Every structure is written in structure tokens, then in C-alpha cells.
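# Observations on the three-dimensional arrangement
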Protein chains: 2
Amino acid sequence: MAGTDKSRGAVAFAPGAGPAVVLVAPQLGQNIGMVARAMLNCGLRDMRLVSPRDGWPSRAALAAAAGAGEVLARASLFERTAQAVADLNLVYATTARPRGLAKPVLSPRTAAAEMRASVADGAAVGLLFGPERSGLANDDLVLADRLVEVPLNPAFASLNLAQAVLLVGYEWYQTGEGPPPGQPPSGDALPAEKAELMNFFERLEAGLDAGGFFHPPEKRQGMIRNLRTLFQRARPSQAELRTLHGVVSALMKAKRRE
Amino acid sequence: MAGTDKSRGAVAFAPGAGPAVVLVAPQLGQNIGMVARAMLNCGLRDMRLVSPRDGWPSRAALAAAAGAGEVLARASLFERTAQAVADLNLVYATTARPRGLAKPVLSPRTAAAEMRASVADGAAVGLLFGPERSGLANDDLVLADRLVEVPLNPAFASLNLAQAVLLVGYEWYQTGEGPPPGQPPSGDALPAEKAELMNFFERLEAGLDAGGFFHPPEKRQGMIRNLRTLFQRARPSQAELRTLHGVVSALMKAKRRE
């Protein structure tokens, strides 16, 4: 993915670095600037912006970032969420109200421990945050391996964007000293990058289209979402993705006898 | 103390309640409003203001509190810090830079655990926060039993007032009942029974045999094992298994164009 997007070049993933912070369709430049501050508070530097509403770069963001301009200067810009997470192995979506998606819901603390272990194992991880008002759409949530919900007063749980980033980033920072708690997954099991996963999904779905799988057509989107969620939950490694490609090829070659 | 200050009457300390949040000489009404929100996020309701610079009540505070006006409405006003903490048993002062005072310096997490234990024991506890620019003066720090320092990137540790309250309040909230850390995926996602899973595996593998997937033959067993491990890791539900059956059928029906 990095090759196809010039803007990515400068922010090549640094091994051992903290999670990328991916802001999907942020509305106010001021909030982006405050997120930059919250990120730097927590030692995070890889900011990724997906279609910020008011364009980019943003004067309002720069003004609000006071002292954290370096984060904005290195921020990378994408059109679609799938592009922004393409080089990541493990993606966490923050949401105030998990919507019954079949994905694990973690607290920031549990997520931070897991991220730290994954990063120690060489994984590139990222945190997805949705637009100020609406939060992440289901199509974005589907890209995530895990959901993160901040445990707060259920009668008043709303946080602004920078506060949400701060709380999750804070938990990340607290895991810094000492060894990561969980046993890291063994070498080969590093999940494939999202771009490879997307590539597999598209190939699978083309095959399914050819086989008339998606009917009625109005259910197509939901069916795709469920299927992607299912495969994503398995967190296939690169090697396993190759196997899955082989499975699709072999099945399409097989004579159907049923 | 409560007796000497009429405004305190309404906010008599409620046994078992969370820490009071004492803002010493806050400058901007807007920040007071945002602190009210952060407090309510964390289930805290006892706000105490010591000589707010721009007077009290404050329109700016009310506007920024959106949704947390109840906290402002119940806030109590004092002239001096000593009055604001008079009815408290245990006071924590937050500071970015402990100045070599001979007081224990705790992280918010440690402080939260200690506060929870003290409250359970019947103590009234409070958190002191200084003015936006300067932080707490030494005369205020002297009133505290403990200092609290938030562990953040030492090169960029500055937080705004509401963020500082949020982080300490968040740690307080986490010591409460708190939701279990790793909730299982919701309802329908109960994994299918193993017999159904085996049934799917056998059908899949028959299709793969027909498509010449398993070669060389001596690798067949290992390949099957890896494939089953991968699908098993996704822990498909009954409904998802039906979908996977449909995927196999559709792919075997599809014309292979590759």
C-alpha cells in the first residue's frame, strides 16, 4: 500500500512504535489539533487522517496543536479508511456503543496490554476513531479486529475526540514500563496486513459473485460485512492468507457434484 | 466548615461518594464547564471552586458544560483552599512537577485504589487542581496528604485542566464496579457445536480434493490441520457456518476465469 500512496512514504511504520491514530472523517480542525496534543502526551506520533471534512492542512488544527505541531506535520492523508489501515496488522475501533458486531469488546486497559504485546512481536497496530458526532460507521467497524469501549458513567459517557484519544493513549503509555503482560503470539502468527486481507476479500467476493452467492442484491452489503467479520476474527497470518487464496482457487476448479 | 459557609449546605458530603474535585483559582469559565463534563463522565458530582478568576456563576462555564449543568448547579464556592478542603479526610494534589515536598507522589492509578479503599472506610476524599497556567502553589500543596502525578511523555506532559480531571477521574471510575475487561462477542456469536464444524470441514475438504488442492499428498494431513485451525480460530457461530457452506457451494458453481 505504501507504494501506491505517495503521502505514506514519510511515515513508514517504525518497528516498536506505538499505535497509529486514525481519525475517520474528523469534522473540526481544532479537534485534530487537540488530538495531536493528546497523542504527543502519550508518546504517539503516527497520525492518519481519512477525508477530514474541512480539508488539509488546516490552520485551525495547527493553532490548537500548540506544541504538538510535529505530529500534524507528519500526519498522512487518505481518502478511504481501508487505505489508512492497509499496512497495519491489528486494528482497534473505539466506539461508544458496540452494535452487536461479532467482535470482541475490550476496555482501553486490556486493549493496551494486547497492543503492547503485539507491538513487541513486530506487529503494526492502529486505533480508529470516528467523526465527532456520529462515531464510526459499520463499514469502518468491519475493518477492525477489536472494539474498544471506554468504561465511563453510562448516563454520561460522551467524550470529545481528543479526550477519547487521550484515555486510550494514556493506557498505552502506562504499559510502557516493565514487560508486556500476555505471552506474545509466536512468530509466524503475525496477522497479515490489512491490504492483503482486503485483497483476499475482493477476490473471494468476485468468486462468490460469479457463483451467484449474493442474492437478493439488497442483502449484498450486509452479507459481505458478515463474511469479512468472520474471516477477520480468525486474524489470518500471511501464510494462512496464501492458503485461503489456494482454497478459493481449488474450489472454483472443482467440479460441483452436489 | 460547612457551618460557616452557606453555599456548602447543599453539597453536604454523601457517604460513599467519589472524591470532591477542588479547582483552585481556575481562570476560564470554559474550562470549569469542561471539568464538569469530565467529572460527570466519571460519576463525580462534588465540584468545589476556590476564587474563580472571572467570578461565579459563569455563562462560559454553563455553555461549555453542555449536558453536565447539574454539576455546575451544585458547585460550591470558597474564598480559600483551606475552606474548600475543610470537611475532607484525605486530599490529593495533582501536579505536573512535584517540587521536592516531603509527600508521597502517587500515580492516578495508585491514588484511585487508595481513595476507593478510604471511601469504603468512610473517609471524605478530594482532588486538588491548580490554575491553568501555574498549577498549585506551595501553600496549596501543603494542604494535601499526597501528590498525584500523571505519568505521560516527559517531553510533552502538559494537560489542560479538564483532561487532568478526566484522567484521574477515569482511574477512580475503573476501581468501581467496572465492566469485566474482556466481554465475549454478543448474542448470536455462540460458537457452533463441534459436530457442525466437523461436518463443514469434511465438505470443504471434499471440495478441495476435487479441485486438486492437496498436493503433494504427503502434505495433506498438515494442510488439513492448518486449515481447520484457521477456521476454528474464528469460532464461527451456527449462522456463520451456514454462510460458509454457502460460500463453498457458490465457489464450486463459479466459472474459474483465472
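Quantities reported herein were computed from a predicted structural model and do not represent experimental measurements. The numbering scheme is per chain: residues are counted from 1 as the chain's sequence reads. Whichever chain is written first becomes A and whichever ligand is written first becomes 1, with later ones labelled in order. Where totals are concerned, whole chains, interfaces and linings use all residues; where local detail is concerned, this predicted model gives features only for residues with pLDDT of at least 70, and gives and counts side-chain atom pairs only at 80 or more. The side-chain values count all of the structure's non-hydrogen atoms but skip hydrogen atoms and water molecules.

## Examining the packing of aromatic side chains
Think of a pair of aromatic rings as described by two things: how far the centres are apart, and how the planes are tilted against each other in angle. Threshold: A pair of Phe, Tyr and Trp rings is counted when the ring centres sit within 6.5 Å of each other, with Trp represented by its six-membered ring. The angle between the planes then sorts it: under 30 degrees is stacked, over 60 is edge-to-face, the rest tilted. Each helix is a run of DSSP H or I of at least 4 residues and each strand a run of E of at least 2, with the numbering of both proceeding from the N terminus. Residue exposure (1.4 Å probe, protein chains only): buried if accessible area is under 20% of the type maximum, exposed if over 50%, otherwise partly exposed. Any Lys NZ or Arg CZ that is within 6 Å of a ring centre and within 35 degrees of that ring's normal is treated as a charge sitting over the ring.
Scanning the model with the defined rule gives 8 aromatic pairs over all chains in all. Between F231 of chain A and F231 of chain B, the aromatic rings sit 6.0 Å apart at their centres with planes inclined by 65°, giving edge-to-face as the arrangement. Placement of the pair is F231 of chain A in helix α9 (residues 220-233) and F231 of chain B in helix α9 (residues 220-233), with the two residues belonging to separate chains. Here F231 of chain B falls in the buried class, since its relative accessible area comes to 9%. Ring geometry for F200 of chain B and F201 of chain B: centres 6.1 Å apart, planes at 50°, overall tilted. Through a chain of ring-to-ring contacts, the aromatic side chains of F200, F201 and F231 of chain A together with F200, F201 and F231 of chain B assemble into a single cluster. Taking NZ or CZ as reference, R116 of chain A lies 3.7 Å from the ring centre of W172 of chain A, over its face.

## Focus: unusual backbone geometry
Residues W56 of chain A and P57 of chain A are joined by a peptide bond in cis, for which omega reads 0°. Looking at the secondary structure, you find P57 of chain A in the loop between β2 (47-50) and α2 (59-65). In this model, R235 of chain A sits at a positive phi of 45°, which is unusual for a non-glycine residue. On the secondary structure map, R235 of chain A appears in the loop between α9 and α10 (238-253). Phi is positive for S51 of chain B, which is not a glycine, with a value near 45°. By the secondary structure assignment, S51 of chain B is in the loop between β2 (47-50) and α2 (59-65).

## Quick word on the side chain of R37 of chain A
For clarity, the cut-off: Contacts are assigned to residue pairs with any non-hydrogen atoms lying within 4.5 Å of each other.
Its place among the elements puts R37 of chain A in helix α1 (residues 29-41). The contact partners of R37 of chain A, leaving out residues within four places of it in the chain, are A64, A65, A66 and A68 of chain A together with F156 and S158 of chain B.

## A short note on the confidence of the model for chain A
Residues and elements named next belong to chain A. Note the cut-off: As a per-residue measure, pLDDT tells how confident the predictor is, with possible values from 0 to 100.
For chain A, the mean per-residue pLDDT works out to 86, and 86% of the residues sit at or above 70. A low-confidence stretch, residues 1-13 (pLDDT under 50), is modelled with 19 contacts involving residues beyond four sequence positions or located in other chains. Note that residues 178-187 has pLDDT below 50 and, in this model, 9 contacts with residues that lie over four places away or in other chains.

## What about the nonpolar core?
Under the convention used in this document: Take the buried residues of types Ala, Val, Leu, Ile, Met, Phe, Trp, Tyr and Cys, join any two whose side-chain atoms come within 4.5 Å, and each joined set is a nonpolar core.
Grouped together as the largest cluster of nonpolar side chains are 86 residues, with contacts concentrated most on M47 of chain A together with M47 of chain B. Contact partners of M47 of chain A, with chain neighbours within four places excluded, come to V21, L23, I32, V35, A36, M39, V71, L72, R74, A75 and S76 of chain A. By size, the runner-up hydrophobic cluster in this structure holds 45 residues, among which are F231 of chain A together with L230, M252 and A254 of chain B.

## Observations regarding the pattern of salt bridges
What counts is decided by this rule: For this document, the term salt bridge refers to a Lys or Arg side-chain nitrogen within 4 Å of an Asp or Glu carboxyl oxygen.
As enumerated under the stated definition, the model contains 21 salt bridges over all chains in all. Between D87 of chain A and R48 of chain A there is a salt bridge whose closest N-O contact spans 2.8 Å. Pair noted here: D87 of chain A is in the loop between α4 (81-84) and β4 (90-94) and R48 of chain A is in strand β2, with a separation of 39 residues, a long-range link. By relative accessible area, which is 0% here, R48 of chain A ends up buried. Salt bridges linked by common partners bring R109 and E171 of chain A together with R109 and E171 of chain B together as one network.

## Quick word on α10 of chain A
Rules: The span expected for a helix works out to 1.5 Å for each residue beyond the first.
Taking 1.5 Å of rise per residue, 16 residues should cover 22 Å, and α10 of chain A covers 23 Å from first to last C-alpha, within 8% of that figure. Taken residue by residue, α10 of chain A has E240, L241, L244, H245, V247, V248, S249, A250, L251 and M252 of chain A as its buried positions. Looking at the buried positions of α10 of chain A, the neighbouring elements they touch are α8 (194-210) and α9 of chain A together with α8 (194-210), α9 and α10 (238-253) of chain B.

## Quick look at the environment of W172 of chain A
Residue and element names in this part refer to chain A. Tracing the sequence through the fold places W172 in helix α7 (residues 161-174). Along the sequence, W172 and A111 sit 61 residues apart, while their C-alpha atoms lie 8.3 Å from each other. Once residues within four sequence positions are removed from consideration, W172 is found in contact with G18, P19, C42, L44, A112, M115, R116 and V119.

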